[in-house]
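Spelled out from the first residue to the last, the chains are:
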Amino acid sequence: RMPSTSAQHTVEDFVKQLERMSESHQLEMNEMQRSHQLEMEALQHELSLERDKKEKDKARKEVASQDKFLSQMRELEKKFNTDLKEKDDELQKVMQRNEGMRLKM
């Protein structure tokens, strides 16, 4: 036998309500996906900025480190040249003394 019209209406209302809930849920899901996507893009952007900054800092540090290394090398070279000149002067004195002694003999 056919269900009564009031029961029919109740079922139809229930189905419509489910459809509305489903649509509303779908809209919410779409919105959530969209905002999630935007957040991901923003984070991606932040991450790449951070990476660029790190790269630049690293490059700057490397340059500073190279400058420091070069200046240390220059200092060592200066010291070496000074020491070398002192040794050379000492050697000259010793040779002159030897020459003087030889002449006296």
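Procedures and definitions
Residues numbered from 1 in each chain as written. Predicted model: local features only at pLDDT ≥ 70, side-chain atom pairs only at ≥ 80, totals over all residues. Heavy atoms only, no water. Helix = DSSP H or I, 4+ residues; strand = E, 2+ residues; numbered from the N terminus. Rg over C-alpha atoms; globule rule 2.2 N^0.38 Å. Buried < 20%, exposed > 50% of the residue type's maximum accessible area, 1.4 Å probe, protein only. Areas by Shrake-Rupley, 256 points an atom, 1.4 Å probe, with all protein chains shown as cover. Lys, Arg positive; Asp, Glu negative; His and termini not counted. Charge placed at Lys NZ, Arg CZ, Asp CG, Glu CD. Patch = residues over 30% accessible without salt bridge, like charges linked within 9 Å, V, L, I, M, F, W, Y side chains within 5 Å. Salt bridge = Lys/Arg side-chain N within 4 Å of Asp/Glu carboxyl O.

What follows covers the overall build of the chain. Looking only at helices and strands, the chain features one helix and zero strands. Against the compact-globule benchmark of 13 Å for 105 residues, the chain has a radius of gyration of 45 Å, which places it well outside the compact range. With the C-alpha coordinates aligned to their principal axes, the bounding extent of the chain is approximately 150 × 20 × 10 Å. Taken across its 105 residues, the chain has 0% of its residues classed as buried. If you sum the accessible surface of the chain, you get close to 10,700 Å²; carbon and sulfur atoms cover 59% of it. If you average the places of the 21 positive and of the 23 negative side-chain charges in the chain, the two averages end up 11 Å apart.

This paragraph deals with a nonpolar patch on the surface. Together, V11, F14, V15, L18 and M21 line one region of the surface with nonpolar side chains, adding up to about 470 Å² of accessible area. Mapped onto the secondary structure, F14 falls in helix α1 (residues 5-104).

Once that is clear, we can look at the pattern of salt bridges. Under the criterion given, the structure shown has seven salt bridges. Residue E75 pairs with K78 through a salt bridge whose shortest N-O separation is 3.4 Å. Taken as a pair, E75 and K78 lie in helix α1 at a separation of three residues, close to a single helical turn. In this structure, K85 engages D89 in a salt bridge whose closest nitrogen and oxygen atoms are separated by 3.5 Å. Of this pair, K85 and D89 are both found in helix α1, four residues apart, which corresponds to roughly one turn of the helix.

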